[in-house]
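Breakdown of the fold
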Amino acid sequence: MTALSDRPPGATVGIPIEHEAAALHVTGEALYTDDLVPHTKNVLHAWPVQAPHAHALVTRLETAPAYDVPGVVRVLTAADVPGHNEAGVKGDEPLFPSEVMFWGHAICWVLAETLEAARLGAAAVVVDYEPLPSVITLAEAIEQGSFQGGQPTITRGDVEAGLAASAHVFSGELELAGQEHFYLETHCSLAQVGDDGSLFVQSSTQHPSETQEIVAEVLGIHSHQVVVQCLRMGGGFGGKEMQPHGFAAIAALGARLTGRPVRLRLNRTQDITMSGKRHGFHAQWRVGFDPDGMLQALDVTLTSDGGWSLDLSEPVMARALCHVDNAYWIPHVRANGRIAKTHKTSQTAFRGFGGPQGMLVIEDILGRCAPLLGLDPADLRSRNLYRDGHTTPYGQPVRHAERLSRTWEQVRADSDFAARTAAIEAFNAEHEHVKRGLAITPVKFGIAFNFTAFNQAGALVHVYKDGSVLINHGGTEMGQGLHTKMLQVAATTLGVPLAKVRLAPTRTDKVPNTSATAASSGADLNGGAIKNACEQILDRLRPVAAKVTGVPEAEVRFVDGVVAGVSWDEIVRLAYFDRIQLWAAGYFRTSGLHWDSSTMTGEPFKYFAYGVAAAEVEVDGFTGAYRTRRVDIVHDVGDSLSPLVDLGQIEGAFVQGVGWLTLEDLRWDDGDGESRGRLATQAASTYKLPSFSEMPEVFNVSLLRNAAEDGAVYGSKAVGEPPLMLAFSVREALRQAAAAFGPRGVSVALASPATPEAVFWALDAARAGRDASPPEGYPGDVPEQPEGPPLRPRSERAQHELEDLDA
Ligand code: MTE
Ligand code: MOS
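Overview of the structure. (Residues numbered from 1 in each chain as written. Chains lettered and ligands numbered in written order. Predicted model: local features only at pLDDT ≥ 70, side-chain atom pairs only at ≥ 80, totals over all residues. Heavy atoms only, no water.)

This paragraph deals with the overall build of the protein chain. Regarding its fold elements, the protein chain presents 19 helices and 30 strands. Expected size for 807 residues packed as a compact globule is a radius of gyration near 28 Å; at 28 Å, the protein chain falls within 12% of this value. For the protein chain, the C-alpha atoms occupy an extent of roughly 90 × 75 × 50 Å along the three principal directions. Burial statistics for the protein chain: of 807 residues in total, 61% are counted as buried. Considering only intrachain contacts with a sequence separation of at least 6, the fraction spanning at least 24 residues in the protein chain is 81%. Carbon and sulfur atoms form 52% of the exposed surface of the protein chain, whose accessible area is close to 29,000 Å². When the 67 positive and 97 negative side-chain charges of the protein chain are each reduced to one mean point, those points stand 5 Å apart. (Helix = DSSP H or I, 4+ residues; strand = E, 2+ residues; numbered from the N terminus. Rg over C-alpha atoms; globule rule 2.2 N^0.38 Å. Buried < 20%, exposed > 50% of the residue type's maximum accessible area, 1.4 Å probe, protein only. Contact = heavy atoms within 4.5 Å. Areas by Shrake-Rupley, 256 points an atom, 1.4 Å probe, with all protein chains shown as cover. Lys, Arg positive; Asp, Glu negative; His and termini not counted. Charge placed at Lys NZ, Arg CZ, Asp CG, Glu CD.)

Turning our attention to helix α18 (residues 728–739). Structurally, the α-helix is built with 3.6 residues per turn, so residues lying three or four positions apart point the same way. Between its terminal C-alpha atoms α18 stretches 16 Å, which fits the 16 Å expected from 12 residues at 1.5 Å a residue. For α18, the tally of buried residues reaches 10 of 12 residues, placing the bulk of the element in the interior. (Expected span 1.5 Å × (residues − 1).)

As a further point, take the packing of helix α17 (residues 643–662) against α18. Two elements in contact, α17 and α18, have axes separated by 8 Å at closest approach and are oriented at 40 degrees. The orientation of α17 with respect to α18, classified from their angle, is oblique. On α18, the residues that touch Phe654, Val658, Trp660, Leu661 and Thr662 of α17 are Phe728, Ser729, Val730, Arg731 and Leu734. Within the contact of α17 with α18, the residues separate by chemical class into 7 nonpolar, 2 polar and 1 charged. (Axes fitted to C-alpha atoms, helices over the stretch in contact; angles between N-to-C directions. Parallel < 35°, antiparallel > 145°, perpendicular 65-115°, else oblique. Nonpolar A, V, L, I, M, F, W, Y, C, P; charged D, E, K, R; others polar.)

Let's shift gears to the packing of helix α15 (residues 522–549) against helix α16 (residues 568–577). Where α15 meets α16, the axes come as close as 9 Å, and the angle between the chain directions of the two elements is 100 degrees. In terms of their interaxial angle, α15 and α16 are classed as roughly perpendicular. Facing α15, whose interface residues are Leu538, Leu541, Val544, Ala545 and Val548, α16 presents Trp568, Ile571, Val572, Leu574 and Ala575. Class assignment of the residues belonging to the contact of α15 with α16 gives a composition of 10 nonpolar, no polar and no charged.

In this section: the pattern of salt bridges. Opposite charge on two side chains permits them to pair, given that their charged atoms come into close proximity. For the structure shown, the criterion picks out 47 salt bridges. In this structure, aspartate 325 engages lysine 444 in a salt bridge whose closest nitrogen and oxygen atoms are separated by 3.2 Å. Of the two residues, aspartate 325 sits in the loop between α9 (313–321) and β16 (332–340) while lysine 444 sits in strand β17 (residues 434–447), which places them 119 residues apart along the sequence. A relative accessible area of 1% means that aspartate 325 is categorised as buried. Through salt bridges with shared partners, a single network forms among Glu363, Asp364, Arg381, Arg731, Glu732 and Arg735. (Salt bridge = Lys/Arg side-chain N within 4 Å of Asp/Glu carboxyl O.)

Taken in spatial order, the 4 strands of this open sheet run β17-β27-β28-β29, and their pairing is mixed. Edge positions in the open sheet fall to β17 and β29 (698–703), since each of these has one partner strand only. The sheet shows a mean angle of 15 degrees between the axes of neighbouring strands, taken without regard to direction. Sheet strands touched by α17: β28 (626–635) and β29. Its angle to β29, the strand with the most contacts, is close to 130 degrees. (Pairing = 2+ DSSP bridges.)

With that out of the way, let us pick up the side chain of serine 716. Checked against the element boundaries, serine 716 lands in the loop between β29 and α18. Of note is the side chain of serine 716, whose polar atom sits 2.9 Å from the backbone oxygen of valine 713. (Polar contact = N/O pair within 3.5 Å; in protein donor to acceptor, adjacent residues only side chain to side chain.)

Attention now moves to empty space enclosed by the protein. Summed over the entire model, instances satisfying the criterion amount to 6 cavities of 30 Å³ or more. Lining the largest cavity are 18 residues, with Ala87, Glu93, Phe247, Met274 and Trp308 sitting closest to its centre. Elements that contribute at least two residues to the lining of the largest cavity include exactly β5 (106–112) and α7 (244–258). Here the lining of the largest cavity gets 3 residues from one element, more than from any other, and that element is α7. (1 Å grid on protein atoms, 1.4 Å probe; cavity = no way out; pocket = protein on both sides within 12 Å on 5 of 7 lines; lining within 4 Å. Points joined across faces, edges and corners; volume = space filled by probe spheres on them.)

With that out of the way, let us pick up the side chain of threonine 348. One can find threonine 348 in the loop between β16 and α10 (355–373). Judged by its relative accessible area of 2%, threonine 348 falls in the buried class. Not counting residues up to four positions away in its chain, the partners in contact with threonine 348 are His181, Gly238, Gly239, Gln243, Gly276, Lys277, Arg278, His279, Asp311, Leu312 and Val316.

Another point: the site of ligand 1. In the vicinity of ligand 1, 18 residues are found, and the nearest of them are Gly236, Phe237, Met478, Gly522 and Gln649. A distance of 3.2 Å is found between an oxygen atom of ligand 1 and a backbone nitrogen or oxygen belonging to serine 521. Compared with its free state, where it exposes 520 Å², ligand 1 has 92% of that area covered by protein. Taken together, the residues of the shell around ligand 1 break down into 5 nonpolar, 11 polar and 2 charged. (Near = heavy atom within 4 Å.)

One open sheet holds the 8 strands; their spatial order is β3-β5-β1-β13-β10-β11-β12-β21, and the pairing between them is mixed. Strands with a single pairing partner mark the edges of an open sheet, and in this sheet they are β3 (72–76) and β21 (506–507). Here 6 bridges tie strand β1 (residues 44–50) to β5, and the two strands are oriented antiparallel to one another. If you follow proline 48 over to β5, its bridge partner there is tryptophan 109. Most of the contacts of helix α6 (residues 208–219) go to strand β12 (residues 226–230), to which it runs at about 145 degrees, and overall it touches β11 (199–203), β12 and β21. On top of the sheet, α7 reaches β1, β3, β5, β10 (188–193), β11 and β13 (262–265); it is set at about 30 degrees to β10, its chief contact.

What follows is the structure, encoded as structure tokens:
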């Protein structure tokens, strides 16, 4: 173990405690940014004027009529921007656009005494548009060559030679959908201006430092004149990593111009039509296997739907490319990435950050190829798992690869996999119209930001004269329990009871230049910084404690706030009178990382998080409706900092992943009518989220034992994103259940999301002994299609070409 990972006996980390704000959450007392409004005097409310076109020029903007609406105070337009009219970091996101780039794009904002007055004011603004041709679907973008950003490639070995030497070569395509974050708290900012023109912006943001930078840029002032505070978020899930900046800048600009506090909170429809989502992807692939089903070569081109601007699309693509291997050793790899530019919201970070999309591709490939190879899918997966000594396609050794097979075996044992597989076979033989499937899938997910510079963090720890401790760090709380873990880290390092430590909200004037709380590395980074600050304070207290207790300096260690019978409070009090500094700024940077984005090689990750899930589903043959009967998960969180928090993260991430893969279906109008480009699923009524009824009927989650990670704080591992990908097990179980409706050996294509409709088309195709491609143009030996509703799957995502080129 290292100094970073070594866990002292009696540590507070590792104790299962509830979320630090759980009581406040459930009683409604927890304050979110918008809850501050009733406590703030003279607040103005903001409402956007949203464009009703996917792509258009703004030819006239007349704001005067808005001022006739009682209560309207100010209309903000591009002419009001004293600094830079830019809401992003890539220079391609004008805050006030002259060219509409997606349906719902905000042209200008109205500030008024009430929200209703602002809404009426926005309705009164006159805008003329000159509509332009638009690119809506990924297919259109690919066809028209509409791309943005870099087009990186990861290569290892010789793909063509690898494919040529393979006994079986298959090719195919997959289109997979994006996902709406649907955080319960929509985007929100409240800006106030100080007597010196400085700005205090409270924002629901995962990246306060970047919000601060953008606000300063827009206002044409320095960062030191802007303070951004994030109390907590009602969910972020990546959607508040880059998207809050423009909204904060609007509120700040309004406050600057009116001298009054300005509140901007999007309602659900505004949020869903204006803010970015998970990227949908298209993948085209060729794969080669040896006679034993061992992966030999993978040639894949990933195209993501970036929407109208780059935002985080490039790093999302990098992570997708770094995860197309998921947990499998593939000797020869060529993975190309490109980002489509479409007239849609600017797609952004979402839990997993491209990793899920990349990993889904290889899981889809294995699920589709197993029957063609005559192998059981579980067997095909397990024989291809990484083993010790393997490296990833970008050249990083897969450390602790043995944990993959250990976790796999544990899930097989815990879930009674073999016996249940046999039972399901018997069940399926007896039931014509209902079939079950049981699938097991692995997860390997790299932890750290690919962009090396982001892997640093700061903290500020104050010890007051009475012995109480106040901590502040650069991470934000979005429900994931980061603050809970940080309290436990501080209590552990100092050796004081948890109750002695309090945590204050995240602010840019306490800890500067912070990274986004993202990439699941919040606890690794900020935990390292808090530990460092606490150690500095302890080092200063040691001589005082040694003098009082006679314990040699090097051996001074507080346990539960006591050293050799003398209390922490007493030592702190004496230290103050000795003129010892009782507070410290801590700093941490992750060691040993390097990444060359020009060659897409290096060791960008500190370690990998592993997990395995087995899921059983039951599918109805008439409707494609299904239920998840049982899920067993074993997940590797290292030596947990806070086991209850980690279990909650695993369960939550899994269910969110199931939502993405089986329910949530973003539909944009891609027809030629007037509402082309409009998001049709703008509310919870049309966008189906997982709820209690979609929870697995039996849900067993456990943490991998004996899994300390010596590269991270107190032996723990990141947990926020990796378990989302455990949901692949449900999708693969659905595929297997669909396959059970047909003869053996049929490769089943399954659209993503695998909604009941998509599952129906898949099982219907399996029943007919064919792939779920649409009937049109299908080779002549396909059985006659029955009369009735069109057999063409509504979602064209199921269209695959799949052929065994050598067979
Ligand atoms: N859990 C909750 N409850 N709410 C969230 O918004 N975001 C996820 C994950 N877990 C999220 C969550 C995402 S996308 C990330 S990157 C991590 O939390 C960020 O926090 P961490 O770095 O502290 O794990
Ligand atoms: Mo998480 S997608 O890295 O905010």
